[in-house]
Amino acid sequence: MPTPLIIDCDPGQDDAIALLLAMANPDVFDLLGITTVAGNVPLSRTSYNARVIRELAGRPEVPVLAGCPRPMLMPPRSAEHIHGEGGIDGADLPEPRLPLTPGHAVVWLIETLRLADQPVTVATLGPMTNIAMAYVMAPDIVRKIDRVVLMGGSIGKGNITASAEFNIYVDPHAAAAVFASGVALTMIGLDVTHQARATPERIERIRSVGTNAARAAAGMLGFFSARYAEAGHVAGGAPLHDPCVIAYLLRPDLFVGRPMRVDVEVSSPLTLGRTVCDAERRDGRPPNATVLEKIDSDGYFRLIEEGVRRIS
Ligand code: BDR
Ligand code: CA
C-alpha cells in the first residue's frame, strides 16, 4: 500500500526537485496534496511554482493549495539571492494550465487529516507556518499524523545566520509549536544536507538522463549552485536540501540518525531560530525527534537520477 503523504513546501529549486522525486514514485507515495507557504519567494510564486512542477511531473490529479502568506510573528523573509526572483530559475518550464485548488491550505490540511483512514506522513520543506497553524486550530490532528519529516534546523552551524537555518529562522514560532506538539518528528538539517552537494559531475549525470524532468532538474541545480558559489557560502556544489526528505522516506537505509531533544530558540536576537539539539538528555527530558546526521550522498543522487528518468 502506498504511504499517504502531504508535502508542504516553498519552491525553491530544491523543493521542486523534492516534488519531482515524490511524484515520480506513485507506487510508494499516495500524494494527497501539495500545500504552499511563503518562504524562498512570496506565496504567489511558491504556489505558481508548485503548479509548474505538478504539470512537469504529469500528475494533474494532485491538488495544490496555497497556505500562509507570512510567518506567525516575524516579518516575511525570502531568499531570492539564492533562488532567483522566480524561485525555480534555471528550470525554463511553460506556464501551468491547471489552477490552484480553491480554499486555504491550513483548512484543507485539517479536513484532510481528520478524514484520513490511516495516519498520514507530512513532509515539510519550508517554514512550518501552515503545519503550526493547523495544529493551533485543530490539535487533534496530531493523532492523524504518522510523522512529520522536515528539512530544517541544524545541530551545528546555520546558513541564514551563524546559528539558524533558513526554514526555522523564517518562522521560529511555528517551528517551536510543531517541535512541542508531541507529533513524531524526523529532522533533516544542514548537518546532513551539506554532505549532499550538487557537484558539476552529478548535475551532468542528471542532465544526461535526457527527459524533460532531467533537463529541468539539471537547469535548476546549475542555477542554484552558481548562486551558492556567488554568495560564497559553500564551494563545490550547492547543498541539495529538500529532496533529502523524500529520499529518506524512499530509502531510510541511506541515512543515519538518533533520537534527540530539540527545542527552537524564539527569544534571543543572536540565536533566533536555532534548533538546540540535546542528544545526551542533559536536562532529563525525553527525545522529541529523530535527528539525522549522515547520508550516503552517492546513493541519494542515484535516487534523483532514477526519479527524473521515470518522468518522461
Ligand atoms: C532550506 O531553505 C531554502 O532555501 C531551501 O529550499 C531549503 O528548504 C535550506 O536552508
Ligand atoms: Ca524549501
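To be clear, the structure that these remarks concern was listed above.
Everything numeric here is computed off the predicted structure, so don't read it as measured data.

Within the protein chain one finds twelve helices and eleven strands. Structurally, the protein chain occupies a C-alpha span of about 50 × 45 × 35 Å along its principal axes. Looking at the protein chain as a whole, 59% of its 312 residues qualify as buried. The long-range fraction of contacts in the protein chain, counting pairs at least 24 apart against all pairs at least 6 apart in sequence, stands at 83%. For the protein chain, the exposed area adds up to about 12100 Å²; of that, 54% sits on carbon and sulfur atoms. Computed over 29 positive and 35 negative side-chain charges, the separation of the two mean positions in the protein chain equals 2 Å.

Enumeration according to the criterion identifies 15 salt bridges in this entry. A salt bridge links Arg-207 to Glu-204; the shortest N-O distance between them is 3.2 Å. With Arg-207 and Glu-204 both in helix H9 (residues 200–207) and three residues apart, this pair spans about one turn of that helix. Using a relative accessible area of 41% as the deciding quantity, one classes Glu-204 as partly exposed. Through salt bridges that share partners, Arg-261, Asp-263, Asp-283 and Arg-285 make up one connected network.

Attention now moves to the coordination of the calcium ion (ligand 2). The protein atoms that coordinate the calcium ion (ligand 2) are Asp-10 (OD), Asp-15 (OD), Asp-15 (OD), Leu-125 (O) and Asp-242 (OD), at distances spanning 2.2 to 2.6 Å. Counting along the primary sequence, the residues that act as donors to the calcium ion (ligand 2) give the motif D-x4-D-x109-L-x116-D. Residue Asp-10 is located in the loop between strand E1 (3–9) and helix H1 (13–23), and its partner Asp-242 is located in the loop between strand E8 (238–239) and helix H11 (243–250); the two are separated by 232 residues in the primary sequence. Accessibility expressed as a relative area gives 2% for Asp-242, which makes it buried.

Cut-offs applied
- Residues numbered from 1 in each chain as written.
- Chains lettered and ligands numbered in written order.
- Predicted model: local features only at pLDDT ≥ 70, side-chain atom pairs only at ≥ 80, totals over all residues.
- Heavy atoms only, no water.
- Helix = DSSP H or I, 4+ residues; strand = E, 2+ residues; numbered from the N terminus.
- Buried < 20%, exposed > 50% of the residue type's maximum accessible area, 1.4 Å probe, protein only.
- Contact = heavy atoms within 4.5 Å.
- Areas by Shrake-Rupley, 256 points an atom, 1.4 Å probe, with all protein chains shown as cover.
- Lys, Arg positive; Asp, Glu negative; His and termini not counted.
- Charge placed at Lys NZ, Arg CZ, Asp CG, Glu CD.
- Salt bridge = Lys/Arg side-chain N within 4 Å of Asp/Glu carboxyl O.
- Donors = N, O, S within 2.8 Å, 3.2 Å for Na, K, Ca; no water.

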